[in-house]
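Geometric and topological summary
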Amino acid sequence: MSRIGRLPIAIPAGVTVEIAENNKVTVKGPKGTLERELPVEMIIKEEDGHIVVSRPNDLKKMKSLHGLTRTLIHNMVVGVTDGYEKVLEVNGVGYRAAKSGKKLTLSLGYSHPVEMEDPEGLEAVVEGQNKIIVKGISKEKVGQYAAEIRDKRRPEPYKGKGIKYADEVIRRKVGKTGKK
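Residues numbered from 1 in each chain as written. Predicted model: local features only at pLDDT ≥ 70, side-chain atom pairs only at ≥ 80, totals over all residues. Heavy atoms only, no water.

1. Concerning the overall build of the chain
Stated precisely, the cut-off is as follows: Here a helix means four or more residues in a row that DSSP labels H or I, a strand means two or more in a row labelled E, and each is numbered from the N terminus. This radius of gyration counts C-alpha atoms alone. The globule rule is 2.2 Å times how many residues there are, raised to the power 0.38. Pairs of residues are marked as contacts when any of their non-hydrogen atoms sit within 4.5 Å.
Secondary structure assignment for the chain yields two helices and 13 strands. Against the 2.2 N^0.38 benchmark of 16 Å for 180 residues, the chain shows a C-alpha radius of gyration of 21 Å, more extended than a compact globule. With the principal axes as the frame, the chain shows a C-alpha extent of 70 × 45 × 25 Å. For the chain, long-range pairs separated by at least 24 residues make up 49% of all intrachain contacts whose partners lie at least 6 apart in sequence.

So, in structure tokens, the structure goes:
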């Protein structure tokens, strides 16, 4: 049995979960509403304040979908109650981030500033000149947008310049040494 899949998901106060046909799950909470169509093979039931996901049989595909389905619902519940955030750091001389309205402007050593528009439902907050916090209720979208920002200038291994996640460790390399 899937160790993650069989765990029940507690529904906190102020959160409503609706399960429609074709396993379309809608989660409403204080921070907003998320909906998602989950694999139709899974059996999703609501039992006394908990959501229980079970699988029809023990085929390999069903086993993999079991844990996935449970985790996706759990992420939706956490998203509408607490929300998600990813912290990015901009390192490098002259590298900085600025925010005006919904536009994030990054100066990353290119000949032009890189401008990015906040996607629907997400917010990028700039703290100081080198800390970007991406906030939202959908874990998937927060991670995707943070990855897109990071892709504008990935950290390089020699000086560590670029945009990195706050919890990311960059493997450093030693530069060239001259002839003696």
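2. Observations regarding the packing of aromatic side chains
Worth spelling out the cut-off: A pair of Phe, Tyr and Trp rings is counted when the ring centres sit within 6.5 Å of each other, with Trp represented by its six-membered ring. The angle between the planes then sorts it: under 30 degrees is stacked, over 60 is edge-to-face, the rest tilted. Only when the NZ atom of a Lys or the CZ atom of an Arg is both within 6 Å of the ring centre and within 35 degrees of the ring normal do we say a charge sits over the ring.
For the structure on display, the rule yields zero aromatic pairs. Above the face of the Tyr165 ring, Lys86 is positioned so that its terminal group lies 5.2 Å from the ring centre. Sitting over the face of the ring of Tyr110, Arg153 holds its NZ or CZ atom 4.3 Å from the ring centroid.

3. Topic: unusual backbone geometry
Even without being a glycine, Asn22 presents a positive backbone phi close to 60°. Among the structural elements, Asn22 can be located in the loop between β2 (16-19) and β3 (24-29). Of note in this structure, Asp48 is not a glycine but carries a positive phi near 25°. Here Asp48 shows up in the loop between β5 (43-47) and β6 (50-54).

4. With respect to the sheet that holds strand β11 (residues 122-127)
Rules: Strand pairing is assigned whenever DSSP identifies at least 2 bridges connecting the two strands. Axis lines are fitted to C-alpha atoms, over the contacting stretch for helices. Their N-to-C directions set the angle, which ranges from 0 to 180 degrees.
Reading across from one edge, β11-β12-β7-β13 is the order of the four strands in this open sheet, with antiparallel pairing throughout. For this open sheet the edge positions go to β11 and β13 (162-165), each flanked by a neighbour on one side alone. Looking at each pair of strands side by side, their axes are set apart by 25° on average, direction ignored. Pairing analysis gives four bridges linking strand β7 (residues 84-91) to β13, with the strands arranged antiparallel. In the sheet register, Glu89 faces β13, and the bridge partner there is Lys164. Sitting on the sheet, helix α2 (residues 139-151) touches β7, β11, β12 (131-136) and β13, and the angle it makes with β7 is about 10°.

Remember, this is a structural readout, not a statement about activity or role.
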